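Observations on the model geometry
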Amino acid sequence: MAARAVVIEADGGSRGNPGPAGYGAVVRDPETGEVLAERSESIGTATNNVAEYRGLIAGLEAAAELGAAEVEARMDSKLVVEQMCGRWQIKHPGLRPLAAQAAGLVSRFAAVRFTWVPRERNRHADALANAAMDAAASGAAPAAAAAEAREATVVRATGTDPATTPAWEPRPTEEATRLILVRHGETERTVQKRYSGRGDVPLTERGRAQARATAARVAALAPSVAAVVSSPLSRCTATAEAVAAQVGNPPVRTDDDLIECDFGVWEGHTFAEVREGWAAELDAWLASTRVAPPRGESFVTVAERTGRAVDRLRSAYPGETVVVVSHVSPIKLVLRDALAAGDAFLHRLYLDTAGISVLDLYPDGGVAVRSVNDTSHLADV
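Everything quoted here is computed from the prediction, not taken from an experiment. (Residues numbered from 1 in each chain as written. Predicted model: local features only at pLDDT ≥ 70, side-chain atom pairs only at ≥ 80, totals over all residues. Heavy atoms only, no water.)

**Here's the deal with the UniProt feature "binding site: substrate" (unreviewed entry) in the protein**
UniProt records the feature "binding site: substrate" (unreviewed entry) at Arg-235, using the numbering of this structure. There is a polar contact of 3.3 Å between the side chain of Arg-235 and the backbone oxygen of Ser-196. (UniProt positions renumbered as here; feature names shortened; annotations may be inferred. Polar contact = N/O pair within 3.5 Å; in protein donor to acceptor, adjacent residues only side chain to side chain.)

**What to know about helix H11 (residues 299–316)**
Taking 1.5 Å of rise per residue, the 18 residues of H11 would be expected to cover 26 Å, and the 25 Å separating its terminal C-alpha atoms lies within 8% of that figure. Among all positions in H11, only Phe-299, Val-300, Val-302, Ala-303, Arg-305, Thr-306, Gly-307, Ala-309, Val-310 and Leu-313 are buried. (Helix = DSSP H or I, 4+ residues; strand = E, 2+ residues; numbered from the N terminus. Expected span 1.5 Å × (residues − 1). Buried < 20%, exposed > 50% of the residue type's maximum accessible area, 1.4 Å probe, protein only.)

**Some details on the pairing of strand E10 (residues 356–361)**
In terms of residue burial, E10 counts as a mostly covered element, since 6 of its 6 residues are buried. Where burial is concerned, the two faces of E10 agree: the one with Ile-356, Val-358 and Asp-360 and the one with Ser-357, Leu-359 and Leu-361 are both buried. As paired strands, strand E6 (residues 177–183) and E10 are joined by 6 bridges and run antiparallel to one another. Bridge pairing in E10 links Thr-177 to Leu-361. Where E10 folds back on strand E11 (residues 367–374), the antiparallel hairpin that results is connected by 5 residues, among which Gly-365 adopts a positive phi of roughly 95°. (Pairing = 2+ DSSP bridges.)

**A look at the environment of Ala-73**
Positionally, Ala-73 belongs in strand E4 (residues 70–75). Along the primary structure Ala-73 and Trp-116 are separated by 43 residues, whereas in three dimensions their C-alpha atoms are 8.5 Å apart. Discounting residues that sit within four places of it in the chain, Ala-73 has contacts with Ile-8, Leu-56, Arg-113, Phe-114 and Thr-115. (Contact = heavy atoms within 4.5 Å.)

**Description of the nonpolar core**
One finds Leu-179, Leu-181, Trp-266, Val-322, Leu-335 and Leu-359 to be the most contacted residues of the largest nonpolar core, which totals 35 residues. Residue assignment for this core shows that the elements contributing at least two residues are E6, strand E7 (227–230), helix H10 (279–287), H11, strand E9 (321–326), helix H12 (328–338), helix H13 (345–348) and E10. Filtering out sequence-adjacent residues up to four positions away, Leu-359 remains in contact with Thr-177, Arg-178, Leu-179, Leu-181, Val-334, Leu-335, Ala-338, Val-367, Ala-368, Val-369 and Arg-370. By size, the runner-up hydrophobic cluster in this structure holds 33 residues, among which are Val-6, Ile-43, Val-71 and Phe-109. (Core = buried A, V, L, I, M, F, W, Y, C linked by side-chain atoms within 4.5 Å.)

**Quick word on the pattern of salt bridges**
Scanning the model with the defined rule gives 26 salt bridges in all. The residue Glu-9 makes a salt bridge to Arg-28 at a minimum N-O spacing of 3.0 Å. Here Glu-9 is found in strand E1 (residues 5–14), whereas its partner Arg-28 is found in strand E2 (residues 19–28), with 19 residues between them in sequence. When the shortest N-O distance is used, the salt bridge between Glu-297 and Arg-198 registers 3.0 Å. Taken as a pair, Glu-297 in the loop between H10 and H11 and Arg-198 in the loop between helix H6 (188–191) and helix H7 (205–221) lie far apart in primary sequence, 99 residues in all. (Salt bridge = Lys/Arg side-chain N within 4 Å of Asp/Glu carboxyl O.)

Here it is in structure tokens:
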């Protein structure tokens, strides 16, 4: 039976850039996550970018063989994603034929969407690519490389691979970028448990007190803060300004990618009201992060933009501490990705107003979640 919609996860790399190179690609069912096809190959000596394009091409070919009509291609290569979306020029002449080949394959489908994902969410394709690179360096057969990659995927998911560095093992030559994630203080809508997305709802008096208490807690956690970055909505900027005043008054910078999910027509309603008025739509939204509320935004879309924001912060503030003031949905999605958790995590994690979570992002891709939803500073508020 033909698969109408599929997800492609693709990756590639080389040992030396250029050096012994290989790629990996996985095709999945978007609802169940079932692996429908795998592709991996050692490609001799090549660059990272060439290998990444080869992985994408292999994934698109596999999706076409399955009879897919719609494709979401997920890669941790920003270059390939941006070039395939037409936002970046293809300046290197060696990549143009590969991009043209990929574009030709794209034209076979009714719809293709390209999504950048952090490396932690591309483990399976990364493992296939690494095994193919190992095979290129050693001369092993591609089939053996694929089998080793499948084993590696399981090992990495369980965190038992002795060749990898656990998050808690010291990295003497690498300083992490620390993100202190702060949910804004209380508003009238949080008290009434109403969906509060893009509506600019101010802090309550208690919310302002929570912001001051959170600021004192952040100052105790971080002797030095490089930046305070906030959602542009006033409930966040007011919280961020309180924090900035306690950590040396760095300017509060806003980032639109940190704004709350757009809940569309559900904005301002309680869960019970949404259940009564939009039962089928609510069930579909709870079942899939790809589904958006009517005239709203899906969690997949929110995750894409919060991922962009985190990536910018990691690049702009290497080895420094940044306070990020945002909303419940963006913070949950950042923590989901940091913990390599499934989508059910989003509906099981509770984040209080003015709660603090801390995570470290290492240059080598390592992630250490230090705390989640710390509210000890709110005991007297």
